[in-house]
Amino acid sequence: MQTTDPRKSEIASYVNVDGVSREEIASLLMLPPDTSMGDYALPCFRFAKTLRKAPALIAEELKKDILSRPNPFAAVEAVNGYLNFKFDRAAEAGKVLSDVLKRGAEYGSSDEGAGKTVCIDYSSINIAKPFHIGHLSSTVIGAALYRMYRKRGYNPVGINHLGDWGTQFGKLIVAYKRWGDEEKLKKGGVTYLTEIYVRFHTEAEEDPALEDEARAWFKRIEDGDKEALRLYDLFKSLTLEEVGKVYKRLGIEFDSYNGEAFYNDKMAPVIERLEALNLITVSDGAKIVDLKEWGMSPCLLVKADGATLYATRDLAAAFYRKRTYDFYKSLYVVAYQQNLHFKQLFKVIELMGEEWYRDLVHVPFGMVSLEDGTMSTRKGKVVWLKDVLDKAVEKAALVIREKNENLVNAEAVSEMVGVGSVVFFALSNNRIKDITFSYDKVLNFDGETAPYVQYTNARAVSLLKKAGDLGEMFKEPLTETELKGLEGKEGEELVSLLSRFGQTVSEALEKYEPSVVTRYAIELAKAFNRYYLTTRILNGEPSVRRARIALVYAVHTVLEEALRLIGVKAPEEM
Ligand code: ARG
């Protein structure tokens with residue numbers, strides 16, 4: 001694994017182990033669970049075989065070797081086969097704080113991804129179907145990865161691979177032609193479309209001829225029939241307009257809305273290539289790629305009637321993206337229910353001899369269900385994301401009013417807290433886990449929630465407002481005496497956490513796991529609250545006041561930035 005933390009390379013350059021490269025040592029360095037043990041730890045177990053010595057002895061010898069030469073460490077300790085490194089606290093704090101003071105929100109940014117394009121396929125909603133809670137995770141995970149890639153210098157491309165093709169559009173047209181009403185459609189939007197769509201299915205059970213009619217209408221869309229396309233476009237623009245409002249509230253944008261329909265004219269060349277490569281088997285008239293050898297069911301690409309499928313369009317899309325963006329990686333943020341689909345897709349591309357199949361990554365996630373009975377998914381009833389957001393905002397408003405009656409921007413703050421709480425929740429667990437949503441849980445000000453972190457940030461902001469003109473205050477660099485004012489467990493923990501911010505974002509990207517940053521924000525908020533409770537800041541000793549205020553400023557800056565990365569806004573006051 002490649003390491004991205006410059007501190008690791010720095011430490012590694014002081015560690016000499018015969019037959020082990022600096023890169024390997026750097027990659028072995030880890031962050032100890034408890035900062036009191038040190039800032040970094042090197043497990044020496046891996047060296048035991050090569051050196052034919054016990055790990056504890058190796059650690060001891062390495063320690064002696066390092067201390068025999070000039071080094072930047074405040075302490076090096078050998079404990080149970082680990083070598084623990086501590087940096088000089090005051091120097092460390094000085095570095096971190098001056099860096100944050102200088103760079104502001106840019107702190108933690110890097111150019112490690114320079115020149116690398118990463119395609120992220122996320123949200124990818126279906127046209128004429130509501131934006132339901134099932135698309136929440138894809139949307140917020142993808143958008144968070146997008147911002148994190150950008151922060152680390154990559155060039156991310158956000159793609160909303162719209163589900164805008166398929167026989168359901170024929171059904172919709174039939175339903176609309178029979179029972180639809182233009183006025184009601186304009187007013188009801190996608191909800192109305194869903195209603196008539198559901199009605200189609202109920203009536204088709206009685207009258208199977210409706211299905212034939214639907215097929216015929218879909219054929220007309222495919223053939224470019226004017227009336228069919230007019231309705232298709234109407235349904236599509238209505239849906240996009242509606243989801244656009246949700247995206248806006250979530251602060252999300254896309255670089256491309258090229259969905260399934262976009263690939264209509266791009267599938268044939270790929271199928272031809274597959275045929276030329278002898279990879280296509282014809283089975284009952286359908287074109288498939290046999291994947292038995294890899295323990296998978298066949299990848300169906302063209303049905304006997306000539307119709308293409310979801311997989312066919314994804315195959316064309318993968319090639320199109322490679323051609324268009326020459327990606328370093330191409331991500332698909334899609335629920336784990338589609339694990340097989342992506343395994344098949346990537347395998348087919350591998351079989352075609354495209355080395356870049358290795359750069360295709362399915363980023364799966366678990367299911368979100370609702371605990372609240374009133375919002376449960378009954379048959380035919382979908383949980384709209386918009387409704388969830390509205391209700392969260394409504395509830396947030398109540399809590400906020402209770403806490404601070406005189407808050408001036410109560411409405412705007414409620415929106416930030418309500419929407420933020422839903423997003424934060426969706427990003428606070430390991431993404432593969434199935435999760436249960438509850439309004440009370442996500443809005444608990446004392447839990448590991450958006451409002452907890454937002455409130456902590458607002459507390460830091462209010463402190464800074466009372467501190468005076470910061471620009472003036474930090475004209476001169478902090479002195480060593482001042483920095484000593486940050487000593488003590490709580491202050492050191494904060495500095496150590498702050499110093500890890502950039503690395504934390506990189507780690508989130510390595511694992512495609514935005515929750516790494518969410519957890520970090522929670523840890524930082526908790527550590528700050530401990531600091532705040534134990535330390536006199538504004539009315540502390542004059543000799544240390546400035547350093548402590550700088551620390552609060554750094555915490556605020558990093559909290560706000562961590563929240564921004566996951567897509568949560570930070571009110572100044574709440
Ligand atoms: N529209 C699909 C769904 O809602 C997700 C599409 C994901 N992206 C892709 N390239 N297959 O299930």
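The rules behind each value
- Residues numbered from 1 in each chain as written.
- Predicted model: local features only at pLDDT ≥ 70, side-chain atom pairs only at ≥ 80, totals over all residues.
- Heavy atoms only, no water.
- Helix = DSSP H or I, 4+ residues; strand = E, 2+ residues; numbered from the N terminus.
- Buried < 20%, exposed > 50% of the residue type's maximum accessible area, 1.4 Å probe, protein only.
- Areas by Shrake-Rupley, 256 points an atom, 1.4 Å probe, with all protein chains shown as cover.
- Lys, Arg positive; Asp, Glu negative; His and termini not counted.
- Charge placed at Lys NZ, Arg CZ, Asp CG, Glu CD.
- Axes fitted to C-alpha atoms, helices over the stretch in contact; angles between N-to-C directions.
- Parallel < 35°, antiparallel > 145°, perpendicular 65-115°, else oblique.
- Contact = heavy atoms within 4.5 Å.
- Nonpolar A, V, L, I, M, F, W, Y, C, P; charged D, E, K, R; others polar.
- Salt bridge = Lys/Arg side-chain N within 4 Å of Asp/Glu carboxyl O.
- Expected span 1.5 Å × (residues − 1).
- Pairing = 2+ DSSP bridges.
- Near = heavy atom within 4 Å.
- Polar contact = N/O pair within 3.5 Å; in protein donor to acceptor, adjacent residues only side chain to side chain.
- Left-handed = near helix turned anticlockwise from the far one by under 90°.
- Right-handed = clockwise from strand over helix to strand, strands pointing away.

Outline the overall build of the chain, listing residues and values.
When helices and strands are counted, the chain shows 23 helices and 12 strands. Principal-axis analysis of the C-alpha atoms gives the chain an extent of 85 × 65 × 40 Å. Out of the 574 residues in the chain, the part that is buried amounts to 54%. Summing over all exposed atoms, the chain offers an accessible surface of approximately 26,500 Å²; the carbon and sulfur share of this is 50%. Within the chain, one finds 78 positive and 84 negative side-chain charges whose respective centroids are separated by 2 Å.

Go over the packing of helix α15 (residues 410–426) against helix α17 (residues 450–467), please, and point to the residues and values.
Packing of α15 against α17 leaves a shortest axis separation of 8 Å and a crossing angle of 125°. Relative to α17, the element α15 is oriented oblique. Counting all contacts with α15, which are made through M416, V417, G420, S421 and F424, the residues of α17 involved are A450, P451, V453 and Q454. Partitioning the contact of α15 with α17 into residue classes produces six nonpolar, three polar and no charged.

Provide a residue-level description of the pattern of salt bridges, including the pertinent values.
For the coordinates displayed, the defined rule picks out 39 salt bridges. Between E354 and R273 there is a salt bridge; the shortest N-O distance is 3.0 Å. Linking E354 in the loop between α13 (339–351) and β10 (360–363) with R273 in helix α11 (residues 268–276), this pair joins segments that are 81 residues apart in sequence. Given the relative accessible area of 17%, E354 is considered buried. Between E472 and K475 there is a salt bridge, with its nearest N and O atoms 3.4 Å apart.

Explain helix α12 (residues 310–325) to me, using residue names and the numbers behind them.
Taking 1.5 Å per residue, 16 residues should reach 22 Å; α12 reaches 22 Å between its end C-alpha atoms and fits that length. Buried residues dominate α12, accounting for 12 of its 16 residues. Of all the residues in α12, the buried ones are A311, T312, R313, D314, L315, A316, A317, A318, F319, Y320, R321 and K322. Here the buried face of α12 lies against β4 (117–121), β5 (155–159), α11, β8 (299–302), β9 (329–333) and α13. Directly after α12, the chain includes D326, whose backbone phi takes a positive value near 45°.

Which residues make up the sheet that holds strand β2 (residues 73–79), and what values do they have?
In space, the three strands of this open sheet follow the order β1-β3-β2, with antiparallel pairing throughout. Each having just a single partner strand, β1 (40–43) and β2 make up the two edges of the open sheet. In this sheet, neighbouring strand axes are inclined to one another by 20° on average, regardless of whether the strands run parallel or antiparallel. Here β1 pairs with strand β3 (residues 82–87) via four bridges, running antiparallel. Bridged to A41 within β3 is N84. Where helix α4 (residues 55–67) meets the sheet, it contacts β1, β2 and β3, and its direction lies at approximately 160° from that of β2.

Got a sec to walk through the site of the ligand? Specific residues and values, please.
In the region of the ligand, the neighbouring residues are D121, S124, N126, H135, H161, Y310, D314, Y332, V334, Q338 and F342. Here a nitrogen atom of the ligand sits 2.7 Å away from a polar atom, N or O, in the side chain of D314. Here an oxygen atom of the ligand and a side-chain polar atom of Q338 are 3.0 Å apart. Looking at the shell around the ligand residue by residue, the class counts come to four nonpolar, five polar and two charged.

I'd like a description of the packing of helix α14 (residues 385–403) against α15, backed by residues and values.
At their nearest, the axes of α14 and α15 sit 7 Å apart, and the two run at 125° to each other. Our classification of the angle between α14 and α15 gives oblique. Two packed elements cross with a definite hand, and for α14 against α15 that hand is right-handed. Between α14, through V388, L389, A392, V393, A396, A397 and I400, and α15, the contact on the second element is made entirely by V413, S414, E415, V417, G418, V419, S421 and V422. Classifying every residue of the contact of α14 with α15 by side-chain character gives 11 nonpolar, three polar and one charged.

Describe the pairing of strand β7 (residues 286–289), listing the residues and the values that go with them.
Along any regular strand the residues' side chains alternate between the sheet's two faces. Two strands pair when backbone bridges link them, and strand β6 (residues 280–283) and β7 are joined in this way by four bridges, in the antiparallel orientation. Among the inter-strand pairings, T281 is bridged to a residue of β7, identified as I288. Between the antiparallel neighbours β6 and β7 lie two residues, among them D284 with a positive phi of about 50°. Judged from the three bridges that link them, β7 and β8 form a sheet pairing that is antiparallel. Bridge pairing links K287 to V302 in β8.

A description of the environment of I280 should follow, citing residues and the corresponding values.
Structurally, I280 is set in strand β6. Since its relative accessible area comes to 17%, I280 is described here as buried. For I280 and F73, which are 207 residues apart along the polypeptide, the C-alpha to C-alpha distance reads 62 Å. Leaving out residues up to four positions away in the same chain, I280 has contacts with I271, L274, E275, K287, I288, V289 and L301.

Can you tell me about the pairing of β4, naming the residues and giving the values?
The element β4 is largely enclosed, with a buried count of five among its five residues. Where burial is concerned, the two faces of β4 agree: the one with T117, C119 and D121 and the one with V118 and I120 are both buried. Note that β4 and β5 share five bridges and pair parallel. Following the sheet pairing, I120 is matched in β5 by G158. In terms of handedness, the path from β4 via helix α6 (residues 136–151) over to β5 forms a crossover that is right-handed.

Describe the environment of R152, with residues and values.
Within the secondary structure, R152 sits in the loop between α6 and β5. Residues R152 and S110 lie 42 residues apart in sequence; the distance between their C-alpha atoms is 4.7 Å.

Which residues make up the sheet that holds β7, and what are the values?
The antiparallel open sheet is built from three strands, whose spatial order is β6-β7-β8. With one partner strand each, in any of the chains shown, β6 and β8 form the two edges of the open sheet. When strand polarity is set aside, the average angle formed by the axes of neighbouring strands in this sheet is 40°.

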